Amino acid sequence: MDEKQLLKDCLNGDVHAQKRLYEKYARKMFAVCLRYAPDSRSAEDFLQEGFIRVYTKLGSYKFQGSFEGWVRKIMVNTSLEMLRKKDVLRYSVELDTTIPLSDENEDVPEQTNPEHLLALIKDMPVGFRTVFNLFAVEDYSHKEISNILQISEGTSKSQYARARTWLQKRLCEKSEN
Amino acid sequence: MQEKKDKIKDLAYNGLSQFEADPPEDMWARIEQQSRRRKNLIFIYRLSIAATVLIMVGLGISLLIPGNTSIINRNQIHVVAKRTITNDSGDQVTDNAAIDKKTIRITQSDKDQISAKNILTDTRKLNKTDRPAEKDIVSIEPEKETEIISLVTSETDINEETSAPIISTEIAVAQALSVPVNEDSLSRILQQQAAQSRVDEKQENRSWGLAMGYGTTPSIELTQEDYAMNSGNTSFSYDEMSSGVANETSYFDEVENTTHNTPITLGLILSRQLAKKWNLETGLVYTQLGYQIKTSELNQTYHIYRNEIYYLGIPLGVRFGIIDRKRFGIYASQSLIIEKGIAGRIYNDTYNQGQLTGSENNSVSIRGIQLSSLTGIGADLRITPKISFYGQAGFQLFFLNASQPYNIRSARMTWPSFQAGLRIRLN
């Protein structure tokens, strides 16, 4: 079915159309939520709330740009908002000052299993994880991240640098093993 | 560095940007159920808003409708003393030469003591006439006959204006009368007067008042977990300030202390008397909040983050007079206050070796509204009949804190509240 028609049916309150929309994007969006959530249960909550907001805000979609990108943005924003509400953005891991930042000579594998990568990202301290997801996977600039998270651009860069170092160390350890 | 950075980023982007995962099977059912629940809530919410608006409009209209001003001034009575005489034909006629009219004011204590016997006794004592004692009719009636059924005979003229001072009723009546009185007639009339006074009391003026006050709660310095920004007990909305502090301090691990400034509230309250002891109040309140966070010193460097936020609010409440004396009164009050943040500013000062080495500040906007309930007991000290000082102590309970940026109210929902000010009766 034409996506435009599907969206119009959803706007008219057609529950079957809404279900079709859900089935089309649920798997990709759940993967997005998994990257931000501290656990699977939270990811399910993010996905549920995210789709509610998609249906609620559907009237504001102007059919400009990718609809998938629009939905993904809502999922990311919903995840961040729910993280803040749950106070999960509290960062309790002490900064490990013994790990130097980004050794240029460290080998980084060209590819890695996505599930393994996801598992590593989920293990990341939440502050690192948020900035890393936004910069590395969603491809936001540090300026955009600073607006989203309401932090300075410098803070976004330093958080990403630390996240990158953290991930690089674990990827290299796995490669050696 | 740039190449390494790109490798990690490329790895993450290529591996995860199109990654998919299966959600739970019941996820759609959950979404459908929540969607249905939300629609019901939206309907109830809109209905509540409509009902609230209707109630507010109704209240507003009832306040604007002028009260019954064409009422009897029950503090004045018009004393008419007449004497009837028997003429040569044996008929009872009014002795026009012996009609005395006087309008006097009476105080509440006077009214309490009014009795036929008292007036009769004094009248007889002060009776200076040397006319022979005869049966006479005394009419005592309120100034404005139009408000009540006439208590006197048609011969009585009661349209006199008065500016008599407040004096003892008994003596005034006695002085107004130059003739002895008929005790039975006087008793009947006084009883009718007392009954009418009770009716009049219900129709007394609905007065307006204006109060200007200053309120505050104690300031606090917080080092305990329960009151600091990183506590799980806090409830606030992340704004630019708290997000910045969170990221710069490893999510509050490096915060040394948090100090909340003394909140300052200025209010202008309009009150309308609904009944003898009840007043409805509304107006405007302006509140200033602020806090300061000091980070731990590292390499002789520390930061101080400060913010100031300003609220404008509308209170709506009632005040009940528990004790109401001439010079002193005690009251209880309960009000609901809706506040909106109208302005905010955040500051970030950097200190190195105790010296300020950097400073930046930005204005911020505040979303959402703050709701609170204020309960208090206060006392009025009347300086003049229309002006009084008041002092009030109580507590204020804050709601919807999660919609507001971090402030002293995020630290704890309930705070003691102290107010003092000037109250002016407008009419």
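Keep in mind that what you see is a predicted model, and the values were worked out from it rather than measured. Residue positions are given per chain, counted from 1 along the sequence in the order it is written. Whichever chain is written first becomes A and whichever ligand is written first becomes 1, with later ones labelled in order. Whole-chain, interface and lining totals are the exception, using all residues; otherwise, since this is a predicted model, local features are given only for residues with pLDDT of at least 70 and side-chain atom pairs are given and counted only at 80 or more. Calculation of side-chain values draws on the structure's entire complement of heavy atoms; hydrogens and water are dropped beforehand.

Draft legend 1. Spotlight on the overall build of chain B. A run of DSSP states H or I qualifies as a helix once it reaches four residues; a run of E qualifies as a strand once it reaches two. Both are numbered from the N-terminal end. The secondary structure content of chain B amounts to eight helices and 14 strands. Per-residue burial over chain B gives 41% buried out of 427 residues. Restricting the contact set of chain B to residue pairs at least 6 apart, pairs at least 24 apart contribute 72%. Accessible surface computed for chain B: about 23,200 Å², of which carbon and sulfur atoms make up 55%. Note on classification: 1.4 Å probe, protein chains only; a residue is buried when its accessible area is under 20% of the maximum for its type, exposed when over 50%, partly exposed between these limits. Throughout, a contact is declared for two residues whenever any of their heavy atoms are within 4.5 Å. Under the convention used here, a 1.4 Å probe and the Shrake-Rupley method define accessible areas, while residue burial counts only the protein chains that appear.

Draft legend 2. Highlighting the overall build of chain A. Counting secondary structure elements, chain A contains eight helices and zero strands. In chain A, the succession of helices and strands from N to C terminus is α-α-α-α-α-α-α-α. Put simply, chain A has 177 residues, and 51% of those count as buried. Contacts spanning at least 24 positions in sequence make up 69% of the contacts within chain A whose residues lie at least 6 apart. Here chain A has roughly 8,500 Å² of accessible surface; of this, 46% comes from carbon and sulfur atoms.

Draft legend 3. Representation of the pairing of strand β7 (residues 264-273) of chain B. Residues and elements named next belong to chain B. Strand pairing is defined by DSSP finding a minimum of two bridges between the two strands. Here nine bridges tie strand β4 (residues 208-216) to β7, and the two strands are oriented antiparallel to one another. Bridge pairing in β7 places Met212 opposite Leu268. Where β7 meets strand β8 (residues 278-295), ten bridges bridge the pair, whose relative direction is antiparallel. The residue bridging Arg272 from the neighbouring strand is Leu280, located in β8. Counted along the chain from β7 to the antiparallel partner β8, the turn is four residues long.

Draft legend 4. Here's a closer look at unusual backbone geometry. The phi dihedral of Asp139(A) is positive, around 65°, even though this residue is not glycine. Looking at where Asp139(A) falls in the secondary structure, it is placed in the loop between α6 (126-137) and α7 (142-149). Given a relative accessible area of 45%, Asp139(A) falls into the partly exposed group. At Gln353(B), a position not held by glycine, the phi torsion is positive, near 55°. Of note, Gln353(B) is situated in the loop between β10 (328-352) and β11 (355-364).

Draft legend 5. View of the nonpolar core. In this structure, Leu21(A), Phe51(A), Phe67(A), Met75(A), Phe132(A) and Leu167(A) are the most contacted members of the largest nonpolar core, which totals 64 residues. For this core, the element with the highest residue contribution is helix α2 (residues 15-36) of chain A, accounting for twelve residues. Once residues lying within four places of it in the same chain are set aside, the contact partners of Phe132(A) are Ile121(A), Met124(A), Val137(A), Tyr160(A), Ala163(A), Leu167(A), Ile8(B) and Ala12(B). Ranked by size, the runner-up nonpolar core spans nine residues in total, among them Phe236(B), Tyr291(B), Val364(B) and Tyr406(B). Definition of nonpolar core: a set of buried residues of the types Ala, Val, Leu, Ile, Met, Phe, Trp, Tyr and Cys, connected through side-chain atoms within 4.5 Å.

Draft legend 6. Focus on helix α5 (residues 114-123) of chain A. All names here are of chain A. If you check which residues of α5 are buried, you get Leu117, Leu118, Leu120 and Ile121. Relative to the axis of α5, the buried residues are bounded by an arc of 160° and lie together on one face. Whenever a nitrogen or oxygen atom comes within 3.5 Å of another N or O atom, the pair is scored as a polar contact, on the condition that within protein one atom can donate a hydrogen and the other can accept it, and that pairs from neighbouring residues in sequence are kept only if both atoms are in side chains. Its side-chain oxygen placed 2.8 Å from the backbone nitrogen of Glu115, Asn113 serves as the N-cap of α5. Note: the arc covers the axis-to-C-beta directions of the helix.

Draft legend 7. Looking closely at the environment of Ser333(B). Residues and elements named next belong to chain B. Counting through the fold element by element, Ser333 comes out in strand β10. Sequence spacing of Ser333 and Val318 is 15 residues, and the spatial spacing of their C-alpha atoms is 5.7 Å. Leave out the neighbours within four places in its chain, and Ser333 touches Val318, Arg319, Leu374, Thr375, Gly376 and Gln392. Among the polar contacts listed, one links the side chain of Ser333 to the side chain of Gln392, at a separation of 3.5 Å.

Draft legend 8. Region of the structure containing the pattern of salt bridges. Between Lys or Arg on one side and Asp or Glu on the other, a salt bridge is scored when a side-chain nitrogen of the former is within 4 Å of a carboxyl oxygen of the latter. Counted according to the given criterion, the structure contains 21 salt bridges over all chains. For the salt bridge of Arg53(A) with Glu81(A), the shortest nitrogen-to-oxygen distance reads 3.2 Å. With Arg53(A) in helix α3 (residues 40-57) and Glu81(A) in helix α4 (residues 67-85), the pair connects residues that are 28 residues apart, well separated along the chain. On the basis of relative accessibility, which here comes to 15%, the residue Arg53(A) falls in the buried class. Between Arg382(B) and Asp324(B) there is a salt bridge, with its nearest N and O atoms 2.8 Å apart. One end of the pair, Arg382(B), is in strand β12 (residues 369-382); the other, Asp324(B), is in strand β9 (residues 301-324), and 58 residues separate them in sequence. In the salt-bridge network here, residues are joined through shared partners; they are Arg41(A), Glu44(A), Asp45(A), Asp26(B) and Arg30(B).

Draft legend 9. Structural context of the packing of α2(A) against α4(A). All names here are of chain A. Inter-axis angles, ranging from 0 to 180 degrees, are taken between N-to-C directions of lines fitted to C-alpha atoms, where helices are fitted over the stretch in contact. Put simply, α2 and α4 touch, their axes get as near as 10 Å, and they point 40° apart. Taken together, the axes of α2 and α4 lie oblique to each other. Crossing handedness for the pair α2 and α4: right-handed. Two secondary-structure elements touch here, α2 through Leu21, Tyr25, Lys28, Met29, Val32, Cys33, Arg35 and Tyr36 and α4 through Phe67, Glu68, Val71, Arg72, Met75, Val76, Ser79, Leu80 and Leu83. Residue classes in the contact of α2 with α4 are distributed as twelve nonpolar, one polar and four charged. Working definition: roughly parallel below 35 degrees, roughly antiparallel above 145 degrees, roughly perpendicular at 65 to 115 degrees, and oblique for all remaining angles. What makes a crossing left-handed is the near helix being turned counterclockwise from the far one by less than a right angle; a clockwise turn instead makes it right-handed. In the scheme used here, Gly and all other residues not listed as nonpolar or charged are polar, with Ala, Val, Leu, Ile, Met, Phe, Trp, Tyr, Cys and Pro taken as nonpolar and Asp, Glu, Lys and Arg as charged.

Spatial relationships are all this shows, so hold off on functional conclusions.
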